[in-house]
Amino acid sequence: MVKSIKFKPVLINSELREPYTWIELRNQIEQNLKTKKLFDQWDKKNVLQLITPFLKEKNAKEIQEKLENIFEQIRDNDTIIVIEDELTQKIILAIIEMIQQNNYRKSIQPKI
């Protein structure tokens, strides 16, 4: 008999109803020229400024430490996003929310 089973939190794309992968997040980041540039340059300070409105957390130092790991995962990992750390989960969700908001604003702007 198994003594215990531990389930890990998986980020799920609710629209597609399937697990979210690091490569999907990277693709979304790269579709936006502003975020692509910031992530390509590992500009954590400006990424933090962009996602701050989407975060309730205020400990910038701890968030920057987590961002370092997120940057590495986005660059080097193509697996499903599985994260136990709650702050890292919130940061990833803030990045996704920020990208979605930017895409939404672009879609409603009148084309000239």
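Our structure is the block above this text.
Thresholds applied
- Residues numbered from 1 in each chain as written.
- Predicted model: local features only at pLDDT ≥ 70, side-chain atom pairs only at ≥ 80, totals over all residues.
- Heavy atoms only, no water.
- Core = buried A, V, L, I, M, F, W, Y, C linked by side-chain atoms within 4.5 Å.
- Buried < 20%, exposed > 50% of the residue type's maximum accessible area, 1.4 Å probe, protein only.
- Helix = DSSP H or I, 4+ residues; strand = E, 2+ residues; numbered from the N terminus.
- Contact = heavy atoms within 4.5 Å.
- Polar contact = N/O pair within 3.5 Å; in protein donor to acceptor, adjacent residues only side chain to side chain.

Novice: Which parts of the structure should I look at to understand the nonpolar core?
Specialist: Soluble globular proteins tend to pack their nonpolar side chains together in the buried interior. Leu25, Ile51, Ile91, Ile92 and Ile95 are the most contacted members of the largest nonpolar core, which totals 26 residues. Only helix H1 (22-31), helix H2 (33-40), helix H3 (44-51), helix H4 (60-76) and helix H5 (86-108) provide two or more residues apiece to this core. Of the residues forming this core, the biggest block, 8 residues, is contributed by H5. Leaving out residues up to four positions away in the same chain, Ile91 has contacts with Ile51, Leu55, Ile63, Lys66, Leu67 and Ile70.

Novice: I keep staring at the side chain of Asn77 and nothing clicks. Help me out?
Specialist: Inspection of the secondary structure assignment puts Asn77 in the loop between H4 and H5. Exposure remark for Asn77: the relative accessible area of 16% places this residue in the buried category. Within the structure, Asn77 has its side chain in polar contact with the side chain of Gln73 (distance 2.5 Å). Engagement of the side chain of Asn77 in a polar contact is seen with the side chain of Thr79, the distance being 2.6 Å. Apart from the residues within four sequence positions on either side, Asn77 is in contact with Trp22, Ile23, Arg26 and Glu72.

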